[in-house]
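Chain and residue survey
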Amino acid sequence: MRSFFYRGRFIFIPLAAAAFLSLAGFVVMSLWNALMPVIFHLGVITFWQAIGIFILSKILFGFGKGGHRGGGPWINRRHRMDEHLKNMTPEEREKFKEKLQRCGHGRWGERHNWDNFAPEAEKAE
């Protein structure tokens, strides 16, 4: 079974994409034609118009990466910021803290304890 997918992936992947696009177009067309004319008094659409709406919605609203499971992109940014602050020297940390306060982000320091980002040797002192 694996050899079929491995060898035939150049045929299988485009066919699978076309099948998915056709299914999505049929679902969009069916839902539109069942709901929109009744609710908003709009006209019915064709299959190709439904595919166009589907592609346009994907372009405008993104192709998705599984939603916001695990906190989304903000968790990753916070983790990277925490790692960056842990690797700073005390002087760099003070300069960064001053920059945050100057540009109006002084409240960040109130929500986060700056000592959490100090290296273990400094915490012991």
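Just above sits the structure.
Below or above, wherever it landed, is the structure these notes cover. (Residues numbered from 1 in each chain as written. Predicted model: local features only at pLDDT ≥ 70, side-chain atom pairs only at ≥ 80, totals over all residues. Heavy atoms only, no water.)

Helices and strands together make up the secondary structure of the protein chain, namely seven helices and zero strands. Secondary structure of the protein chain in N-to-C order comes out as α-α-α-α-α-α-α. A buried classification covers 16% of the 125 residues belonging to the protein chain. Restricting to contacts in the protein chain with at least 6 residues of sequence separation, those with at least 24 account for 40%. Accessible surface computed for the protein chain: about 10500 Å², of which carbon and sulfur atoms make up 64%. (Helix = DSSP H or I, 4+ residues; strand = E, 2+ residues; numbered from the N terminus. Buried < 20%, exposed > 50% of the residue type's maximum accessible area, 1.4 Å probe, protein only. Contact = heavy atoms within 4.5 Å. Areas by Shrake-Rupley, 256 points an atom, 1.4 Å probe, with all protein chains shown as cover.)

Core analysis: the largest hydrophobic core is formed by six residues, namely Ala24, Val28, Met29, Ile45, Ala50 and Phe54. Taken together, the elements giving at least two residues each to this core come down to α2 (9-40) and α3 (47-61). Ranked by residues supplied to this core, first place goes to α2 with three residues. Excluding anything up to four places from it in sequence, Met29 contacts Ile45, Thr46, Phe47 and Ala50. (Core = buried A, V, L, I, M, F, W, Y, C linked by side-chain atoms within 4.5 Å.)

Here α3 contains 15 residues, and its C-alpha end-to-end distance of 21 Å stays within 8% of the 21 Å for a straight helix at 1.5 Å per residue. Where α3 is buried, its residues touch α2. Looking one or two residues past α3, Gly62 carries a phi angle of roughly 95°, positive in sign. (Expected span 1.5 Å × (residues − 1).)

With that settled, the discussion passes to a negative patch on the surface. A cluster of like negative charges, contributed by Glu91, Glu92, Glu94 and Glu98, occupies part of the molecular surface. Mapped onto the elements, Glu98 comes out in helix α5 (residues 90-102). Using a relative accessible area of 45% as the deciding quantity, one classes Glu98 as partly exposed. (Patch = residues over 30% accessible without salt bridge, like charges linked within 9 Å, V, L, I, M, F, W, Y side chains within 5 Å. Salt bridge = Lys/Arg side-chain N within 4 Å of Asp/Glu carboxyl O. Lys, Arg positive; Asp, Glu negative; His and termini not counted. Charge placed at Lys NZ, Arg CZ, Asp CG, Glu CD.)

This brings us to the packing of aromatic side chains. Across all of its chains, the model carries two aromatic pairs by this definition. Between Phe20 and Phe54, the ring centres sit 6.2 Å apart and the planes meet at 65°, which makes this aromatic pair edge-to-face. Of the two residues, Phe20 is situated in helix α2 and Phe54 in helix α3; the sequence distance between them amounts to 34 residues. Here Phe47 and Trp48 contribute two aromatic rings whose centre-to-centre distance is 5.2 Å and whose plane-to-plane angle is 75°, an arrangement assigned as edge-to-face. (Phe/Tyr/Trp six-rings, centres within 6.5 Å; stacked < 30°, edge-to-face > 60°.)

What follows is about the packing of α2 against α3. Here α2 crosses α3 at 105°, and the two axes come no closer than 8 Å. Taken together, the axis directions place α2 and α3 in an arrangement best described as roughly perpendicular. Contacts from Phe20, Leu21, Ser22, Ala24, Gly25, Phe26, Val28, Met29 and Trp32 of α2 reach α3 at Phe47, Ala50, Ile51, Ile53, Phe54 and Ile55. Residue composition of the contact of α2 with α3, grouped by class: 13 nonpolar, two polar and no charged. (Axes fitted to C-alpha atoms, helices over the stretch in contact; angles between N-to-C directions. Parallel < 35°, antiparallel > 145°, perpendicular 65-115°, else oblique. Nonpolar A, V, L, I, M, F, W, Y, C, P; charged D, E, K, R; others polar.)

Attention now goes to the environment of Met88. By the element assignment, Met88 lies in the loop between α4 (73-86) and α5. Ignoring sequence-local partners within four residues, the contact set of Met88 consists of Arg93 and Phe96.

Mapped onto the fold, Arg93 is located in helix α5. The buried category is assigned to Arg93, whose relative accessible area is 7%. Within polar-contact distance, the side chain of Arg93 engages the backbone oxygen of Met88 at 3.1 Å. (Polar contact = N/O pair within 3.5 Å; in protein donor to acceptor, adjacent residues only side chain to side chain.)

Geometry only, nothing functional implied.
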